[in-house]
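Given next are the chains, with one letter for each unit.
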Amino acid sequence: MQDKENYVFKETLRDGTPITLRAARADDGPKIRRAFKNLDRDTIYTRFFGFKSDVSDAELERVTGADFDHDVALLVTIGSGDEEVVVAGASYAVIETAPPARSAEIAFTVEEDFQGLRIAGLLVRHLVRIA
């Protein structure tokens, strides 16, 4: 199992923007909720297969409470401290199947201003590494 508390990587996007890719933490709920409220309706529809105006408490708990074994949640942020802003996220949840098969449900969200900068590819590489 990976060390969730220390899963932090500094990266640079292809446009030169410095980002942090890290595991979601228990205290990230407000940042994730703010990021969601900044998404365009089309992005929300594409990610959730429908329209919604907010992230539920249960959804936030799933992300911020990921155990990094069966459930993994990663965030991409810009800035730091009080100025840190979530711009993307990815997660997977293991689907229990009979051995030796093992599969997972995977999900991505990238804020519109950061789409096309290869964030999703970066996130999938990290999710594969963790898996």
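### Let's talk about the overall build of the protein chain
Of regular secondary structure, the protein chain possesses four helices and five strands. For 131 residues, the compact-globule estimate of 2.2 N^0.38 gives 14 Å, and the C-alpha radius of gyration of the protein chain, at 14 Å, lies within 12% of that figure. Summarising its shape, the C-alpha atoms of the protein chain cover approximately 40 × 35 × 30 Å along the three principal directions. Counting every position in the protein chain, which comprises 131 residues, the buried fraction comes to 41%. A total of about 7,800 Å² of accessible surface is found on the protein chain, and carbon and sulfur atoms cover 52% of it. For the protein chain, the distance from the average position of its 17 positive side-chain charges to the average position of its 23 negative side-chain charges is 3 Å.

### As for the pattern of salt bridges
A side chain of one charge can pair with a side chain of the opposite charge if their charged atoms are brought near each other. This model, assessed by the stated rule, comprises ten salt bridges. The partner of Arg22 in a salt bridge is Asp28, and the shortest N-O contact between them spans 2.8 Å. On the basis of relative accessibility, which here comes to 3%, the residue Arg22 falls in the buried class. One network of salt bridges, in which partners are shared, links Arg22, Arg25, Asp27, Asp28, Lys31 and Glu84.

### Describing the packing of aromatic side chains
A complete count under the given rule lists four aromatic pairs for this structure. Residues Tyr7 and Phe9 carry aromatic rings whose centres are separated by 4.9 Å and whose planes lie at 70° to one another, so their mutual orientation is edge-to-face. For Phe9, a relative accessible area of 28% gives the class partly exposed. Consider the rings of Phe36 and Phe48, whose centres lie 5.9 Å apart with planes at 70°: the pair is edge-to-face. Taken as a pair, Phe36 in helix 1 (residues 29-37) and Phe48 in helix 2 (residues 41-48) lie far apart in primary sequence, twelve residues in all. An aromatic cluster is defined as three or more aromatic residues linked by ring pairs; in this entry it consists of Tyr7, Phe9 and Phe68.

Analysis parameters
- Residues numbered from 1 in each chain as written.
- Predicted model: local features only at pLDDT ≥ 70, side-chain atom pairs only at ≥ 80, totals over all residues.
- Heavy atoms only, no water.
- Helix = DSSP H or I, 4+ residues; strand = E, 2+ residues; numbered from the N terminus.
- Rg over C-alpha atoms; globule rule 2.2 N^0.38 Å.
- Buried < 20%, exposed > 50% of the residue type's maximum accessible area, 1.4 Å probe, protein only.
- Areas by Shrake-Rupley, 256 points an atom, 1.4 Å probe, with all protein chains shown as cover.
- Lys, Arg positive; Asp, Glu negative; His and termini not counted.
- Charge placed at Lys NZ, Arg CZ, Asp CG, Glu CD.
- Salt bridge = Lys/Arg side-chain N within 4 Å of Asp/Glu carboxyl O.
- Phe/Tyr/Trp six-rings, centres within 6.5 Å; stacked < 30°, edge-to-face > 60°.

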